[in-house]
Amino acid sequence: MVPGVGKTVNGATRWVALGPFNLQTSEFMKLIMVVYMSGYLVRRQAEVVHTLWGVIKPIILLVLVAAVLMWQPDFGTTMVLMLTAVGLLFLGGAPLWQFMLLLGSAGLAAVILVLISPYRMARVTSFLDPWADPLNSGYQLSQALIAFGRGEWTGVGLGNGIQKQFYLPEAHTDFLMAV
């Protein structure tokens, strides 16, 4: 959270302006969560493998972090963190039934969060079918897909992509691979 000092972009206050560039603070949270979960799973492996409480303890912290992220609102980073943590718990030896319970709970929470917000619903449906409205809500994703299609398997070469020139309006954010 960056209340009071954060910069609002496209309706969300998630960035801190540091001179010529903006820093999204949730990127640090991704790194911190991976390091924390990995350390926890190494230190408490027996507890994770044999008790439900061993799996629930890190999830409590994750839910608190997710609540702060959803307050910004940042649904995408919240989902990345959740899926990463659940995947790490699986790799750390959590029993399959606990893993499936966590995955189902996270999936149910994601569906509920999408259904209660018209904005999130529009984003998800636009993501699932960007060609339904390629000149408005699906514009960014359809242009990224065109960039991938033009590059085929080998790409067009470093810096030679033309889709980034006036076609990808937010190319510096989530579309680095398309650039």
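It should be noted that the structure appears before, not after, this text.
Read on for an overview of the structure.

1. Re the packing of aromatic side chains
Here is step 1 of the chain: All chains considered together, the criterion is met by two aromatic pairs.
Here is step 2 of the chain: Ring centres of phenylalanine 90 and phenylalanine 99 lie 4.6 Å apart, and the angle between their planes is 40 degrees; this geometry places the pair in the tilted category.
Here is step 3 of the chain: Overall, the relative accessible area of 41% leaves phenylalanine 90 in the partly exposed class.
Here is step 4 of the chain: On the basis of relative accessibility, which here comes to 13%, the residue phenylalanine 99 falls in the buried class.

2. Remarks on the environment of alanine 46
Here is step 1 of the chain: One can find alanine 46 in helix 2 (residues 45-50).
Here is step 2 of the chain: It is 9.6 Å that separates the C-alpha atoms of alanine 46 and alanine 94, two residues lying 48 residues apart in sequence.

3. Some details on a nonpolar patch on the surface
Here is step 1 of the chain: The grouping of Leu52, Trp53, Ile56, Ile60, Leu61, Leu64, Trp97 and Leu101 at the surface amounts to a nonpolar patch, some 790 Å² of accessible area in total.
Here is step 2 of the chain: Elements with a contribution of two residues or more to the nonpolar patch: helix 3 (52-71) and helix 5 (96-115).
Here is step 3 of the chain: The element best represented in the nonpolar patch is helix 3, accounting for six residues.
Here is step 4 of the chain: Looking at the element boundaries, tryptophan 97 is found in helix 5.

4. Quick word on helix 3
Here is step 1 of the chain: For helix 3, with 20 residues, the first-to-last C-alpha span of 29 Å sits near the 28 Å given by 1.5 Å per residue.
Here is step 2 of the chain: Inspection of helix 3 places Gly54, Val55, Pro58, Ile59, Leu62, Val65, Ala66, Leu69 and Met70 among the buried residues, and these make up the whole buried set.
Here is step 3 of the chain: Residues of helix 3 that are buried sit in contact with helix 1 (26-43), helix 2, helix 4 (75-91), helix 5 and helix 6 (118-128).
Here is step 4 of the chain: N-capping of helix 3 is provided by threonine 51, with a side-chain oxygen placed 3.2 Å from the backbone N of glycine 54.

5. Points about the nonpolar core
Here is step 1 of the chain: Counting 25 residues, the largest nonpolar core has Val48, Leu62 and Leu89 as the members making the most contacts within it.
Here is step 2 of the chain: Secondary-structure elements contributing two or more residues to this core are helix 1, helix 3, helix 4 and helix 5.
Here is step 3 of the chain: Considering each element in turn, this core owes the most residues, eight residues, to helix 4.
Here is step 4 of the chain: Discounting residues that sit within four places of it in the chain, leucine 89 has contacts with Met37, Leu41, Val48, Val55, Pro58, Ile59, Ala94 and Leu102.

6. Some remarks on the side chain of threonine 77
Here is step 1 of the chain: Here threonine 77 is to be found in helix 4.
Here is step 2 of the chain: Under the relative-accessibility criterion, threonine 77 is labelled buried at 6%.
Here is step 3 of the chain: There is a polar contact of 2.8 Å between the side chain of threonine 77 and the side chain of aspartate 74.
Here is step 4 of the chain: Discounting residues that sit within four places of it in the chain, threonine 77 has contacts with Gln24, Ser26, Lys30 and Leu69.

7. Some remarks on the packing of helix 3 against helix 5
Here is step 1 of the chain: Remark: helix 3 packs on helix 5, axes separated minimally by 12 Å, with the N-to-C direction vectors making an angle of 15 degrees. As the angle between them shows, helix 3 and helix 5 are arranged roughly parallel. Crossing of helix 3 against helix 5: the hand is right-handed. Counted together, Leu52, Val55, Ile59 and Met70 of helix 3 and Trp97, Gln98, Leu102 and Leu113 of helix 5 form the full contact between these two elements.
Here is step 2 of the chain: Its residues assigned to classes, the contact of helix 3 with helix 5 shows seven nonpolar, one polar and no charged.

8. Overview of the packing of helix 3 against helix 4
Here is step 1 of the chain: Interaxial distance between helix 3 and helix 4 falls to 9 Å at its minimum, and their mutual angle equals 170 degrees. Judged by the angle between their axes, helix 3 and helix 4 are roughly antiparallel. Of the residues in helix 4, those in contact with Val55, Pro58, Ile59, Leu62, Val65, Ala66, Leu69 and Met70 of helix 3 are Phe75, Thr77, Thr78, Leu81, Met82, Ala85 and Leu89.
Here is step 2 of the chain: The class makeup of the residues in the contact of helix 3 with helix 4 is 13 nonpolar, two polar and no charged.

9. Considerations on the pattern of salt bridges
Here is step 1 of the chain: For the coordinates displayed, the defined rule picks out three salt bridges.
Here is step 2 of the chain: For glutamate 27, the salt bridge identified is with lysine 30, shortest N-O distance 3.2 Å. Within this pair, glutamate 27 and its partner lysine 30 are both found in helix 1, separated by three residues, close to a single helical turn.
Here is step 3 of the chain: Owing to a relative accessible area of 24%, lysine 30 belongs among the partly exposed residues under this scheme.
Here is step 4 of the chain: Among the salt bridges present, the one from glutamate 47 reaches lysine 57, with a minimum N-O distance of 2.9 Å. Of this pair, glutamate 47 sits in helix 2 while lysine 57 sits in helix 3, and the two are 10 residues apart along the sequence.
Here is step 5 of the chain: By relative accessible area, which is 24% here, lysine 57 ends up partly exposed.
Here is step 6 of the chain: One network of salt bridges, in which partners are shared, links Arg44, Glu47 and Lys57.

Procedures and definitions
- Residues numbered from 1 in each chain as written.
- Predicted model: local features only at pLDDT ≥ 70, side-chain atom pairs only at ≥ 80, totals over all residues.
- Heavy atoms only, no water.
- Phe/Tyr/Trp six-rings, centres within 6.5 Å; stacked < 30°, edge-to-face > 60°.
- Buried < 20%, exposed > 50% of the residue type's maximum accessible area, 1.4 Å probe, protein only.
- Helix = DSSP H or I, 4+ residues; strand = E, 2+ residues; numbered from the N terminus.
- Patch = residues over 30% accessible without salt bridge, like charges linked within 9 Å, V, L, I, M, F, W, Y side chains within 5 Å.
- Areas by Shrake-Rupley, 256 points an atom, 1.4 Å probe, with all protein chains shown as cover.
- Salt bridge = Lys/Arg side-chain N within 4 Å of Asp/Glu carboxyl O.
- Expected span 1.5 Å × (residues − 1).
- Contact = heavy atoms within 4.5 Å.
- Polar contact = N/O pair within 3.5 Å; in protein donor to acceptor, adjacent residues only side chain to side chain.
- Core = buried A, V, L, I, M, F, W, Y, C linked by side-chain atoms within 4.5 Å.
- Axes fitted to C-alpha atoms, helices over the stretch in contact; angles between N-to-C directions.
- Parallel < 35°, antiparallel > 145°, perpendicular 65-115°, else oblique.
- Left-handed = near helix turned anticlockwise from the far one by under 90°.
- Nonpolar A, V, L, I, M, F, W, Y, C, P; charged D, E, K, R; others polar.

Function-wise, these values are silent; they only describe arrangement.
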